[in-house]
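What follows is each chain in one-letter form.
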Amino acid sequence: IEAEGSGLIEKPRVTFAEVGGLTAVKEEIALKVIHPLNNPEIYKAFGKKIGGGILLYGPPGCGKTLLARATAGEIKANFISVGINEVLDMWMGNSEKNLHDLFQQARMHTPCVLFFDEIDALGASRTDLRKAAGRTLINQFLDELDGVKYSNEGILILGATNTPWYLDTAFRRPGRFDRIVFVSPPDVAARVEILRILLADKPLEGIDYQSIAKQSDGYSGADLRALVDLAIEQKLPESLRQGRVLPLTMADFKEALRRHRPTTKEW
Ligand code: ATP
């Protein structure tokens, strides 16, 4: 694993302002990881131990990855994102060393948000080979999380999963993923916010956000993004024909809503 330039470490510009809804989740992250990082002396004076990670769970496409990236953006920290499944395949046979290297990269680039996606994959290994690799990896992972040998100061650890019940309970002990936060599908108000974010820089005419939000019950943030893409596809051919930019209208969204089916209901 290499450092900067390899694409492993990035410095996200996205902030909480670009995450629609999820107010309580943002507050929880601020309290647990952002304030401690920015004001370590206050926390120390109260004898509050800094550290531990947050596990984000919920249906796909509702903003877990976006939140993790925005957390880094909020504090101008570096960001490392790791998909556990991808890592298990890639590191087969040498996982422990690689996992250690990964934490070392984060330690060398503090402040750093270290984000583990699909973290339940560690507990739900399908093949025997993966299971064996998974076991040692879990122990290694717990050691690294505890930060005993090497300090994790300045590292914020976030994990994401669609299926928290598959996660090995050892991960949930104090100092590890000791907070579990539900990243819910957006309600009507949140869908309005997300639509506003997604459409902020688009040419529009007569858009009724409330109406679109009401008609998109069960849509995740990712579904809304797909919806906006469909609306754009709706408008592009005519724009090209006329050789000028035509604004998106409610008619485009009506057609897009007809074509896109929500995904969160299947969870
Ligand atoms: P998965 O479980 O599939 O990894 P996820 O919860 O991590 O899903 P994201 O990858 O964060 O979901 O969301 C996908 C995309 O959907 C985001 O990049 C963003 O464009 C949009 N999106 C999802 N939720 C929100 C939200 N709350 N506010 C704004 N955009 C959102």
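Residues numbered from 1 in each chain as written. Predicted model: local features only at pLDDT ≥ 70, side-chain atom pairs only at ≥ 80, totals over all residues. Heavy atoms only, no water.

An unreviewed UniProt entry lists the chain under the name Cell division protein, from Siphonobacter curvatus. UniProt, in the comment section headed Sequence similarities (unreviewed entry), describes the chain in these words: "Belongs to the AAA ATPase family." (UniProt positions renumbered as here; feature names shortened; annotations may be inferred.)

Okay, the overall build of the chain next. Of the regular secondary structure elements, the chain holds 10 helices and 6 strands. Scored against the burial criterion, the 267 residues of the chain give a buried share of 48%. Accessible surface, the chain: about 13700 Å² in total, of which carbon and sulfur atoms supply 52%. (Helix = DSSP H or I, 4+ residues; strand = E, 2+ residues; numbered from the N terminus. Buried < 20%, exposed > 50% of the residue type's maximum accessible area, 1.4 Å probe, protein only. Areas by Shrake-Rupley, 256 points an atom, 1.4 Å probe, with all protein chains shown as cover.)

A few words now on the sheet that holds strand β2 (residues 53–57). The strand order β1-β3-β4-β5-β2-β6 describes an open sheet built from 6 strands, whose pairing is mixed. Each edge of the open sheet carries a strand with a single partner, namely β1 (9–10) and β6 (177–182). Sheet topology places β2 next to strand β5 (residues 155–161); 4 bridges connect them, and they run parallel. Across the sheet, residue leucine 55 finds its bridge partner in β5, namely glycine 159. Taken strand by strand, helix α3 (residues 64–74) contacts β1, β2, β3 (78–83), β4 (112–117) and β5, and its axis lies near 170° from that of β4. (Pairing = 2+ DSSP bridges. Contact = heavy atoms within 4.5 Å. Axes fitted to C-alpha atoms, helices over the stretch in contact; angles between N-to-C directions.)

Attention now moves to the environment of valine 87. Within the secondary structure, valine 87 is located in helix α4 (residues 84–90). For the pair formed by valine 87 and leucine 99, sequence separation is 12 residues and the distance between their alpha carbons is 8.8 Å.

Applying the stated rule across the entire model yields 7 aromatic pairs. Ring-pair connections join several aromatic residues into one group, and the members of that group are Phe103, Phe116, Phe141, Phe171 and Phe177. The ring of tyrosine 209 is capped by arginine 196, whose NZ or CZ atom sits 4.2 Å from the centre of that ring. (Phe/Tyr/Trp six-rings, centres within 6.5 Å; stacked < 30°, edge-to-face > 60°. Lys NZ or Arg CZ within 6 Å of the ring centre and 35° of its normal.)

Further remarks concern helix α1 (residues 23–38). Remark: the principal bend of α1, roughly 45°, maps to alanine 30. Among all positions of α1, only Val25, Lys26, Ile29, Ala30, Lys32, Val33, Ile34 and Pro36 are buried. (Bend = angle between axes of the 7 residues up to and from the residue.)

Soluble globular proteins tend to pack their nonpolar side chains together in the buried interior. Counting residues in each nonpolar core, the largest one holds 29 residues, and the members touching the most others are Ile80, Leu114, Phe116, Ile119, Phe141 and Phe171. Where this core is concerned, the elements lending two or more residues are β3, α4, α5 (95–108), β4, α6 (128–146) and β5. For this core, the element with the most residues is α6, which contributes 5 residues. Apart from the residues lying within four places of it in its own chain, the contact partners of isoleucine 119 are Leu55, Ile84, Phe141, Ala160, Thr161, Leu167 and Phe177. Grouped together as the second largest cluster of nonpolar side chains are 24 residues, Val25, Ala72, Val181 and Val183 included. (Core = buried A, V, L, I, M, F, W, Y, C linked by side-chain atoms within 4.5 Å.)

Let's shift gears to the packing of α1 against α3. Here α1 crosses α3 at 50°, and the two axes come no closer than 11 Å. When the interaxial angle is binned, α1 and α3 end up oblique. Handedness of the crossing formed by α1 with α3: right-handed. In this structure, α1 contributes Val25, Lys26, Ile29, Val33 and Ile34 to the contact, and α3 contributes Leu67, Thr71 and Glu74. (Parallel < 35°, antiparallel > 145°, perpendicular 65-115°, else oblique. Left-handed = near helix turned anticlockwise from the far one by under 90°.)

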